[in-house]
Amino acid sequence: MNDKIIILGAGISGLAAGYYLKRSGKSSKIFEKNHSWGGLCDNFTINNFRFDRFVHLSFTEDKAANDLFLNATPYIRHTPNPFNLYYGKWIKHPAQNNLYPLTEEEKVKILNDIKNRKEIPVDKINNYEEWLRTQYGDYFAEKFPMRYTKKYWQTEARDLGVKWVGNRMYRPSYDEVALGCRSTETPLAYYAKEMRYPEKGGFKAFFTTLAKDLDIQNRSQIMEIDYSEKVIKDEYGNMYSYDILISSIPLPELVKITKDVSDEVRLAAKMLRCTSGYQLSIGLKTKSIPPYLWFYIYDEDIPVARVYSPSLKSADNAPDNCSSLQLEIYCNENKYSKKDLIDKSLNKLVAAGVFKIEDILLTDLRFEKYANVIFNHDIYKNRKIVRDFYDNIGIYTIGRFGEWDYFWSDQSFLSGKLAAELILSEKGSNGVLNY
Ligand SMILES: Cc1cc2nc3c(=O)[nH]c(=O)nc-3n(C[C@H](O)[C@H](O)[C@H](O)COP(=O)(O)OP(=O)(O)OC[C@H]3O[C@@H](n4cnc5c(N)ncnc54)[C@H](O)[C@@H]3O)c2cc1C
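Cut-offs and rules
- Residues numbered from 1 in each chain as written.
- Predicted model: local features only at pLDDT ≥ 70, side-chain atom pairs only at ≥ 80, totals over all residues.
- Helix = DSSP H or I, 4+ residues; strand = E, 2+ residues; numbered from the N terminus.
- Rg over C-alpha atoms; globule rule 2.2 N^0.38 Å.
- Buried ≥ 20, exposed ≤ 12 C-beta atoms within 10 Å, placed from the backbone.
- Contact = placed C-beta atoms within 7 Å.
- Pairing = 2+ DSSP bridges.
- Axes fitted to C-alpha atoms, helices over the stretch in contact; angles between N-to-C directions.
- Expected span 1.5 Å × (residues − 1).
- pLDDT = per-residue confidence, 0-100.
- Near = placed C-beta within 6 Å.
- Nonpolar A, V, L, I, M, F, W, Y, C, P; charged D, E, K, R; others polar.
- Domains from an automatic or database assignment.
- Parallel < 35°, antiparallel > 145°, perpendicular 65-115°, else oblique.
- Arc of directions from axis to C-beta.

1. Points about the overall build of the protein
Inference 1: Helix and strand counts for the protein stand at 15 helices and 19 strands.
Inference 2: For 435 residues, the compact-globule estimate of 2.2 N^0.38 gives 22 Å, and the protein sits close to it at 23 Å.
Inference 3: In terms of principal-axis extent, the alpha carbons of the protein reach across some 70 × 55 × 45 Å.
Inference 4: Buried positions account for 42% of the 435 residues belonging to the protein.
Inference 5: Put simply, 72% of the contacts in the protein that link residues at least 6 apart link residues at least 24 apart.

Below, the structure is given as structure tokens:
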């Protein structure tokens, strides 16, 4: 059988699908709307400063992913050293067991809360706010993660479910919290113990083996899918027929371009929520920046939620004697004027002592419509309606926004790999990928 296989999107999930099909002798054609492959793992360069789209370090433990990523390029091993900026205080991450810089009064409140916390089974917890209050007590929950939730997730904690939390939030014992109140010498409690990053070429260098021999047509946005005729149309009006279609396009966008979709599916897709926001990239003519790969900011008057340093990930990301930072600001596209957003963010970080205004060589602001899937209470119901529809019409939906899940790059990779395996094993009629 010589099926015509089309893949929509050359992010890591689409590349993985194409790579594993190719390895088994099946060719595919990938359509990508951007000018280069990589999707969210791609990067851009301005005046010899390279910036990934978002923080991007690899901490996968999956063997197939590591074999491909780490053999593709020489890489640097980082021990994660994230910090938190909390009203002028630098607090090691996770804050809950590194409270040393707080006042005695705050420490006593938090320790009392932790001592008196009740064990409530997770199935009796209704939302993320309850989960946070149960784990950390009211004072810490309100001052730290609930504030951060609003900044990062653009959502109140009570409007989120808890299934997504997994090991992302560290749950220390009372003794660990007490130790962190007395001393800065606390063990590393971040969920990844090593983070890897290519020496050269930015994060996407990990995926060069995947992309190497694939037929990728860049600058080709797909505008229409007619599943009855098995035809897609690109932005120039060209039509392509397919036997098998795999899509990593975000589900709400996919529904918009699919013909003959019921109102129920359209409505469910509209209800799928994700965070959107800006990346403000900064090139500096100094190496004097905070020594943390990334840090979180809790202050409500600073719009920036998280900052990371491309030049600390690899010196190859900045010219000699220079450094770089990238700031994440989550908000709707029209919340601030671009000038206000840049001025407000820069001024606040200068005031917090992160860098000096006279050291800035360049700034660049870009908006990302699709950042993180929001796990509100309706996500499971709505996601199922949309994914069942594509399953029924035989279109594979893969990746972070095709499966509509909180996937790291390795999980997006595995999602594309699994679609290829399903097709190759000819169990291909079931496009639903289950983890
Ligand atoms: C803030 C943030 C930080 C992250 N940090 C990390 C990290 O440190 N480590 C890690 O492992 N992972 C991280 N991730 C996750 C990682 O970025 C994703 O899991 C992965 O990049 C998703 O790949 P994908 O192929 O599923 O989706 P995408 O990368 O979004 O690929 C989809 C592709 O489809 C294309 N497309 C869309 N519409 C069309 C159309 N109509 N026609 C043609 N092409 C189209 C897009 O241009 C895109 O290239 C982070 C993500 C975010 C948002």
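2. Describing the sheet that holds strand E2 (residues 28-31)
Inference 1: Taking strand neighbours across the sheet as the criterion, the 5 strands line up as E9-E2-E1-E13-E19 in an open arrangement whose pairing is parallel. The open sheet has two edge strands with one neighbour each: strand E9 (215-217) and strand E19 (395-397). Sheet twist, expressed as the average angle between the axes of neighbouring strands with direction ignored, equals 20 degrees.
Inference 2: Relative to strand E13 (residues 244-247), strand E1 (residues 5-8) runs parallel, the two sharing 4 bridges.

3. A word on helix H1 (residues 12-23)
Inference 1: The first and last C-alpha atoms of H1 sit 16 Å apart over 12 residues, in line with the 16 Å expected at 1.5 Å per residue.
Inference 2: For H1, the full list of buried residues reads Ile12, Ser13, Gly14, Leu15, Ala16, Ala17, Gly18, Tyr19, Tyr20 and Leu21.
Inference 3: Along its buried surface, H1 packs onto E1, E2, helix H8 (208-211), E13, helix H14 (399-402) and helix H15 (409-424).

4. Structural notes on the confidence of the model for the protein
Inference 1: Looking at the protein as a whole, its pLDDT mean stands at 94, while 98% of the residues score no less than 70.
Inference 2: Low pLDDT (under 50) marks residues 428-435, which in the prediction has 19 contacts with non-local residues, meaning those over four places away or in another chain.

5. Brief notes about the site of the ligand
Inference 1: For the ligand, the set of nearby residues contains 34 residues, the closest of which are Gly9, Gly11, Gly39, Gly399 and Ser409.
Inference 2: Only H1, H14 and H15 provide two or more residues apiece to the shell around the ligand.
Inference 3: Classifying every residue of the shell around the ligand by side-chain character gives 15 nonpolar, 14 polar and 5 charged.
Inference 4: Residues lining the shell around the ligand come from more than one domain, with at least three contributed by each of domain 1 (5-35 + 218-273 + 376-424) and domain 2 (43-92 + 191-204 + 275-369).

6. Focus on the domain arrangement of the protein
Inference 1: When the domains of the protein are assigned, the result is domain 1 (5-35 + 218-273 + 376-424), domain 2 (43-92 + 191-204 + 275-369) and domain 3 (94-182).
Inference 2: The C-alpha-based centres of domain 1 and domain 3 are spaced at 37 Å.

7. Points about the pairing of strand E11 (residues 231-234)
Inference 1: When strand E10 (residues 222-226) meets E11, the two strands line up antiparallel, connected through 4 bridges. For Ile222, the partnering residue across the bridge sits in E11 and is Asp234.
Inference 2: Where E10 folds back onto E11 in an antiparallel hairpin, the turn is made up of 4 residues, including Lys230, whose phi is positive at roughly 55 degrees.
Inference 3: Two strands pair when backbone bridges link them, and E11 and strand E12 (residues 239-241) are joined in this way by 3 bridges, in the antiparallel orientation. Bridge pairing in E12 links Ile232 to Tyr240.
Inference 4: Connecting the antiparallel pair E11 and E12 is a turn made up of 4 residues, with Gly237 showing a positive phi of about 90 degrees.

8. Some points on unusual backbone geometry
Inference 1: The omega torsion of the bond from His93 to Pro94 falls at -5 degrees, within 30 degrees of zero and hence cis.
Inference 2: For Tyr87, which is not glycine, the phi torsion reads 45 degrees and is therefore positive.
Inference 3: Position of Tyr87 among the secondary structure elements: in the loop between strand E6 (83-86) and strand E7 (89-92).
Inference 4: The exposure class assigned to Tyr87 is partly exposed, which follows from the 14 C-beta atoms found within 10 Å.
Inference 5: Although it is not a glycine, Gln154 sits at a positive phi angle of roughly 55 degrees.
Inference 6: Among the secondary structure elements, Gln154 is positioned in the loop between helix H6 (145-153) and helix H7 (174-182).
Inference 7: Among the residues examined, Gln154 registers 19 C-beta atoms within 10 Å and is labelled partly exposed.

9. Let's talk about the sheet that holds E12
Inference 1: The strand order across the open sheet built from 3 strands is E10-E11-E12, with neighbouring strands paired in antiparallel fashion. The open sheet has two free edges, formed respectively by E10 and E12, since each of these has just one partner strand. For this sheet, the mean angle separating the axes of adjacent strands, direction not counted, is 20 degrees.

10. Overview of the packing of helix H3 (residues 104-115) against H7
Inference 1: Where H3 meets H7, the closest approach of the two axes is 10 Å, and the angle between their N-to-C directions is 170 degrees. As far as their axial angle goes, H7 and H3 are roughly antiparallel. Residue-level contacts link Lys107, Ile110, Leu111, Ile114 and Lys115 of H3 to Tyr174, Val177, Ala178 and Cys181 of H7.
Inference 2: Broken down by class, the residue content of the contact of H3 with H7 amounts to 7 nonpolar, no polar and 2 charged.

11. Observations regarding helix H2 (residues 63-72)
Structurally, the α-helix is built with 3.6 residues per turn, so residues lying three or four positions apart point the same way.
Inference 1: Where H2 is concerned, the buried positions are Ala65, Leu68 and Phe69. Each buried residue of H2 sits inside an arc of 90 degrees when the element is viewed along its axis, so together they form one side. More than 90 degrees from the buried face of H2, the exposed residues found are Lys63, Asp67 and Asn71.
Inference 2: Elements that come into contact with the buried residues of H2 comprise H8 and H15.

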